[in-house]
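This is what each chain is made of:
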Amino acid sequence: MSDFYTSTPDEQIGRLTALAQRALEEYDRAGSTIELIKARENAVFKVVDSHGVKTALRVHRAGYHSDAALRSELQWMALLGRHGVLVPEVIPTVDEQLFCILGDDEVGGARQIDLFAWVEGEQLAAIEDTSDIDVDRLVQSFSTVGEIAAKVHNHSDEWLPPEDFVRHKWDTDGFAGEVPFWGRFWDLEALNPNQRELMLRVRRTLRRELSTLSRDSAQFGMIHADLVPENVLVENGSVRLIDFDDAGFGWYMFEMATSLYFFYGEPYYIDIKNAYIEGYRRHRELTDEDLSLLPLMLLARSTTYLGWVHTRPGTETAIEMTPALIEMACAVADDFFKS
């Protein structure tokens, strides 16, 4: 048997699909049909039982989140739901657990597996190819993204996490410490010497600048950290936020940077940025001082993707995306240092 992370993408999917089928027994859905929806950080499957009821099964990356961190993620989702942010409903196992744990060396180790009620609807905007995009619709989408972000941050501002709540931090160490949350971006093998030197300068800058920022509840708290249009589903006017895997403690302006990042440099970037701001301000204050942090947060966001591919070199995403991610991170860094 080959190592999971050195096997081909098709072999990996085959093993994860077999594991997903086993996991259905934990939810009293043995014999249901399953279909892969996506495989990136996690593998997500569409499940249809014998009565035609659809659910979504998520097989987590081995070792990414502790059990306490995953439990906290699912609990925070439920809290947001009660606060007026529509989110997927968690379906417990037959023994009333929020998730089950299955797996062995064949799938890279023990895997956390959870199940959600199926969410119908279309992505607010699908951004697979920015060369053929409906800009007007995208601008409208970012107004909605801004509104959702403000509602999430309002909840975080008012909420006191319990002592047993565990999530990672998108903070100075999380971005630029010895072991950043997504990896040591400056060690990415694909960087050439000039790019590596630039990323080392970025790291020094982030450590210096982020360490001076406030962490009071008006600027820093629980964020979704992947609030992009693909993670907002719309059906009959109902808007639902999905994919909380990256959620953690961070600056609220990092949320905005994440939403905008992959459109940086596009001719309509200013339009979608303004739409986000307009939507956000419908529900929460966003000052010019807050907005002055956006370039720094875009810089921080750029490094995370390099760290991600550095620590996941065998994934299909890393193989396909690394050159483009490096180019974009360097462009963001060059602009930051020129300003």
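In this text, all values refer to a predicted model and were calculated from it rather than measured experimentally.

About the criteria used
- Residues numbered from 1 in each chain as written.
- Predicted model: local features only at pLDDT ≥ 70, side-chain atom pairs only at ≥ 80, totals over all residues.
- Heavy atoms only, no water.
- Helix = DSSP H or I, 4+ residues; strand = E, 2+ residues; numbered from the N terminus.
- Expected span 1.5 Å × (residues − 1).
- Buried < 20%, exposed > 50% of the residue type's maximum accessible area, 1.4 Å probe, protein only.
- Contact = heavy atoms within 4.5 Å.
- Pairing = 2+ DSSP bridges.
- Lys, Arg positive; Asp, Glu negative; His and termini not counted.
- Salt bridge = Lys/Arg side-chain N within 4 Å of Asp/Glu carboxyl O.
- Polar contact = N/O pair within 3.5 Å; in protein donor to acceptor, adjacent residues only side chain to side chain.
- Phe/Tyr/Trp six-rings, centres within 6.5 Å; stacked < 30°, edge-to-face > 60°.
- Lys NZ or Arg CZ within 6 Å of the ring centre and 35° of its normal.

A few words now on helix α7 (residues 269-281). Across its 13 residues, α7 extends 18 Å between first and last C-alpha, which sits within 8% of the 18 Å expected from 1.5 Å per residue. Residues Y269, I272, A275, Y276, I277, G279 and Y280 constitute the buried set of α7. Contacts made by the buried residues of α7 are with α3 (135-158), α6 (252-260), α8 (288-291) and α9 (294-311).

Right, let's talk about the pairing of strand β3 (residues 54-59) for a bit. Within β3, five of the six residues are buried, leaving the element largely enclosed by the surrounding structure. Two strands pair when backbone bridges link them, and strand β2 (residues 43-48) and β3 are joined in this way by six bridges, in the antiparallel orientation. Residue pairing in the sheet places V48 in a bridge with K54 of β3. From the end of β2 to the start of β3, which pair antiparallel, there are five residues, and G52 there has a positive phi angle of about 85°. Note: β3 against strand β6 (residues 111-117), five bridges, orientation antiparallel. From the neighbouring strand, V59 faces β6, where its bridge partner is I113.

At E96, a residue that is not glycine, the phi angle is positive and equals roughly 65°. Here E96 shows up in the loop between β4 (90-91) and β5 (100-102). A positive phi angle, close to 70°, is found at A225, a residue other than glycine. Structurally, A225 is set in the loop between β9 (220-223) and β10 (232-235). For A225, a relative accessible area of 1% translates into the label buried.

Take the sheet that holds strand β8 (residues 169-170) next. The sheet built from three strands is open, its strands ordered β8-β12-β9 with mixed pairing. Each edge of the sheet is formed by a strand with only one pairing partner; in this case those strands are β8 and β9. Strand direction decides the pairing type here: β9 and strand β12 (residues 248-251), joined by four bridges, are antiparallel. If you follow M222 over to β12, its bridge partner there is F249.

With that settled, consider the side chain of R29. Along the polypeptide, R29 turns up in the loop between α1 (9-23) and β1 (33-39). For the buried R29, no salt bridge exists, and the shortest N-O distance to an oppositely charged side chain is 4.6 Å, to D49. Here Y27 takes part through its backbone oxygen, which lies 3.1 Å from a polar atom of the side chain of R29. With residues up to four places along the chain from it excluded, the contact list for R29 reads L24, T55, I91 and L115.

The description of an aromatic ring pair rests on the distance of the ring centres and on the angle between the ring planes. Counting across every chain of the model gives 21 aromatic pairs. Ring geometry for F165 and F249: centres 5.9 Å apart, planes at 80°, overall edge-to-face. Here F249 lies in strand β12 and F165 lies in the loop between α3 and β8, a separation of 84 residues in the sequence. A relative accessible area of 14% places F249 in the buried class. Put simply, the rings of Y64, W170, F175, F181, W182, F254, Y261, F262 and Y305 touch in pairs and so form one group of aromatic residues. Lying across the ring of F4, R111 places its NZ or CZ 5.0 Å from the centre. Residue placement shows R301 over the ring face of W170; its charged tip is 5.3 Å from the ring centre.

So yeah, pure geometry; function would need other evidence.
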